[in-house]
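# Survey of secondary and tertiary structure
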Amino acid sequence: MEPHVAVENRYQSLDAWHEVDSYFTEVLIDEDEALVAARLSGSSTTMPNAEVAANQAAFLQLLVKMSGAKRVLEFGTLAGYSTIWFARAVGSGGFVCTLELEPENADVARRNFVRAGVLERIELIVGPAAASVADLVSSKVEPFDVVFIDADKPRNPSYLEAALALTGSGALIILDNVVRNGAVVDADSDDPRVIGTRTAAQMIAEHPELEATALQTVGVKGWDGLIVARRI
Ligand code: DHB
Ligand code: MG
């Protein structure tokens, strides 16, 4: 039985999952120089290594393309890596609005948008996302087709509220980092990020116009996951 146990352990290790993630990323994911540069420039933001993994970005891009989305709203730009994937997904007639708190991250992102040739499809709004999005709501912008919530996790509930104010029927609302190494299952957690995510998940569950699921991810970013919700 020993070899069997050893094999089983191998497939239960994060190293093995990382290896598989790297394998499929290498085989399936096409990053041009601009995307590679954007991903690497994450290290010069205030949150190094927080950008989505390449294969997860490709998944988000597929969701945008499959849903025919033309307008994407993103909470949390950082170096703009996922923003570029979104901007390419919506095509030349599309639009991405991305919200970033830190001016120095926004500077990094802007350079990445220029390099990727997508600057004119993107509106980058610098400042607290809650205030930026409140301005969007009060200025009655055209509804968004996809909202990607990937900013400070304690505010996930208010970002979800804003997403609901800025979308209509058929829109997708996606929340990043909902697993965080399993911390999400702790109902007694006093971590505001866990509380923010659990509250948002509960709001989604109780909302009569949202249907949703969560997908766990393992690999180059460790153990994490996404909630994907669709507005009926
Ligand atoms: C963190 C935030 C993210 O959006 C992410 O993808 C990874 C990490 C963080 O808050 O640490
Ligand atoms: Mg994230």
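So, how was this worked out
Residues numbered from 1 in each chain as written. Chains lettered and ligands numbered in written order. Predicted model: local features only at pLDDT ≥ 70, side-chain atom pairs only at ≥ 80, totals over all residues. Heavy atoms only, no water. Donors = N, O, S within 2.8 Å, 3.2 Å for Na, K, Ca; no water. Helix = DSSP H or I, 4+ residues; strand = E, 2+ residues; numbered from the N terminus. Buried < 20%, exposed > 50% of the residue type's maximum accessible area, 1.4 Å probe, protein only. Patch = residues over 30% accessible without salt bridge, like charges linked within 9 Å, V, L, I, M, F, W, Y side chains within 5 Å. Areas by Shrake-Rupley, 256 points an atom, 1.4 Å probe, with all protein chains shown as cover. Salt bridge = Lys/Arg side-chain N within 4 Å of Asp/Glu carboxyl O. 1 Å grid on protein atoms, 1.4 Å probe; cavity = no way out; pocket = protein on both sides within 12 Å on 5 of 7 lines; lining within 4 Å. Points joined across faces, edges and corners; volume = space filled by probe spheres on them. Nonpolar A, V, L, I, M, F, W, Y, C, P; charged D, E, K, R; others polar.

As named in an unreviewed UniProt entry, the protein chain is O-methyltransferase, taken from Candidatus Agrococcus pullicola.

### Some words on the coordination of the magnesium ion (ligand 2)
Looking at the magnesium ion (ligand 2), the protein donor atoms are Asp 150 (OD), Asp 176 (OD) and Asn 177 (OD1), and they sit 2.0 to 2.1 Å from it. Counting residues between consecutive donors of the magnesium ion (ligand 2) along the chain gives the motif D-x25-D-N. Placement of Asp 150 in the loop between β4 (144-149) and α8 (156-165) and of Asn 177 in the loop between β5 (167-176) and α9 (192-206) is noted, with a sequence separation of 27 residues between them. Comparing Asp 150 with Asn 177 shows no difference in burial state: the two are buried.

### Digging into a nonpolar patch on the surface
Nonpolar side chains collect at one region of the surface, where Val 20, Tyr 23, Phe 24, Val 27 and Leu 28 lie side by side and expose about 510 Å² of accessible area between them. Following the sequence through the fold, Val 27 ends up in helix α2 (residues 14-28).

### Digging into the layout of surface pockets
What the largest pocket holds in volume is close to 740 Å³. For the lining of the largest pocket, the secondary-structure elements that each account for two or more residues are α5 (81-90), β2 (95-100), α7 (129-138) and β7 (222-231). If you tally residues by element for the lining of the largest pocket, the top one is β7, at 3 residues. Here the lining of the largest pocket is composed, by residue class, of 16 nonpolar, 12 polar and 12 charged.

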